[in-house]
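Each chain is listed here by its residues.
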Amino acid sequence: FQKKLLIGKRILITAGPTFEAMDPVRGITNRSSGKMGFAIARAAIEAGAEVHLVAGPCELTTPLAATGKITRTNVVSAKEMHAATMQSRDCDIFFAVAAVADWGIAKPAKEKMKRQGKQAPSLEFVANPDILGDVAKTVRMKGGRPHPYCIGFAAESTELAKHAEEKRKRKGIPMIVGNIGPDTFGSDLNELLIVDENGSKKIAKAEKLQLARQLIQLVAKKI
Ligand code: C5P
């Protein structure tokens with residue numbers, strides 16, 4: 001049973017990986033499936049919200065598209081995801097779920113890079129924009145609450161609670177959701193650690209959609 005706690009609220013979600021092109025046929029990406037972000041989109045619509053989903057390259061279909069409550073912008077690179085997100089940042093809640101590449105390729109080749117004997121090419125990287133950080137900088141107080149209410153995600157291999165709290169403070173956001181366990185990528189299951197100003201608490205291992213529904217209930221009470 002899902003209470004319609006988010007009627008009239010606008011939710012922005014980034015999801016999936018980004019893809020940083022090296023040339024027209026090659027690039028660098030990561031193992032994010034987009035499942036968690038898409039599950040949050042579905043749970044938000046179930047709760048009565050309107051959702052804008054900014055999705056990196058992934059195979060998933062748009063959840064509950066027939067409701068007309070969701071719009072989707074497909075992007076490839078972190079720069080594109082940044083631009084699409086900044087355009088829609090006027091919302092009630094922003095979930096930064098995407099696994100954004102920290103670095104892009106400085107000068108992607110216009111033509112396919114050719115092999116040159118045994119010599120391997122070297123790549124120059126440039127730092128990508130911090131999408132969540134830039135949205136967080138625009139937050140204003142509205143009715144005594146931060147607008148938008150920003151939620152970041154963290155996948156850490158060690159000391160999740162400590163790193164998540166550090167990340168929350170550094171980014172100046174009220175909530176970080178930590179992925180517990182190393183095998184969340186691509187899986188239908190996950191286990192979450194919610195870190196906010198009151199400390200941290202676990203949401204026990206479950207299907208990503210079940211977790212998303214619990215997370216939506218929790219966040220709805222904050223706004
Ligand atoms: O510390 P880190 O930047 O890895 O924090 C991860 C969180 O920040 C995630 O919510 C992720 O979606 C977001 N992020 C972002 N833009 C980046 C890097 C991370 O929005 N360039």
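All of these numbers come straight from a predicted model, not from anything done at the bench.

Reading the values: the criteria
Residues numbered from 1 in each chain as written. Predicted model: local features only at pLDDT ≥ 70, side-chain atom pairs only at ≥ 80, totals over all residues. Near = placed C-beta within 6 Å. Helix = DSSP H or I, 4+ residues; strand = E, 2+ residues; numbered from the N terminus. Nonpolar A, V, L, I, M, F, W, Y, C, P; charged D, E, K, R; others polar. Pairing = 2+ DSSP bridges. Axes fitted to C-alpha atoms, helices over the stretch in contact; angles between N-to-C directions. Contact = placed C-beta atoms within 7 Å. Buried ≥ 20, exposed ≤ 12 C-beta atoms within 10 Å, placed from the backbone.

To continue, consider the site of the ligand. Not every one of the 14 residues close to the ligand is listed here, only the nearest: Ala-96, Val-100, Ile-131, Leu-132 and Gly-152. Of all the secondary-structure elements, those providing two or more residues to the shell around the ligand are α3 (131–137) and β11 (149–155). The leading source of residues in the shell around the ligand is β11, at 3 residues. Taken together, the residues of the shell around the ligand sort by class into 9 nonpolar, 3 polar and 2 charged.

With that settled, consider the sheet that holds strand β5 (residues 70–74). If you walk across this open sheet you meet the 8 strands as β5-β4-β1-β6-β11-β12-β13-β14, and the pairing is mixed. In the strand order of this sheet, the two ends are held by β5 and β14 (199–207), each with one partner. Each strand of the sheet is rotated relative to its neighbour by a mean of 20°, with strand direction disregarded. The sheet contacts of helix α1 (residues 35–46) involve β1 (10–15), β4 (50–55), β5, β6 (93–96) and β13 (189–196), and relative to β1 the element is tilted by about 165°. Helix α5 (residues 208–220) contacts β6, β11, β12 (175–179), β13 and β14 of the sheet and is inclined by roughly 145° relative to β14.

Bringing the pairing of β14 into the picture now. Both faces of the sheet carry side chains from a regular strand, because those side chains alternate between them. One ladder, built from 7 bridges, connects β13 with β14; its direction is antiparallel. Each residue of the ladder has a partner; that of Leu-192, found in β14, is Ile-203. A loop of 2 residues connects β13 with β14, the two strands running antiparallel in sequence.

Summarising the element assignment, Leu-6 is placed in the segment before β1. Overall, the presence of 25 C-beta atoms within 10 Å leaves Leu-6 in the buried class. Filtering out sequence-adjacent residues up to four positions away, Leu-6 remains in contact with Ala-44, Ala-47, Gly-48, Ala-49 and Ala-220.

Read these as spatial facts, not as claims about activity.
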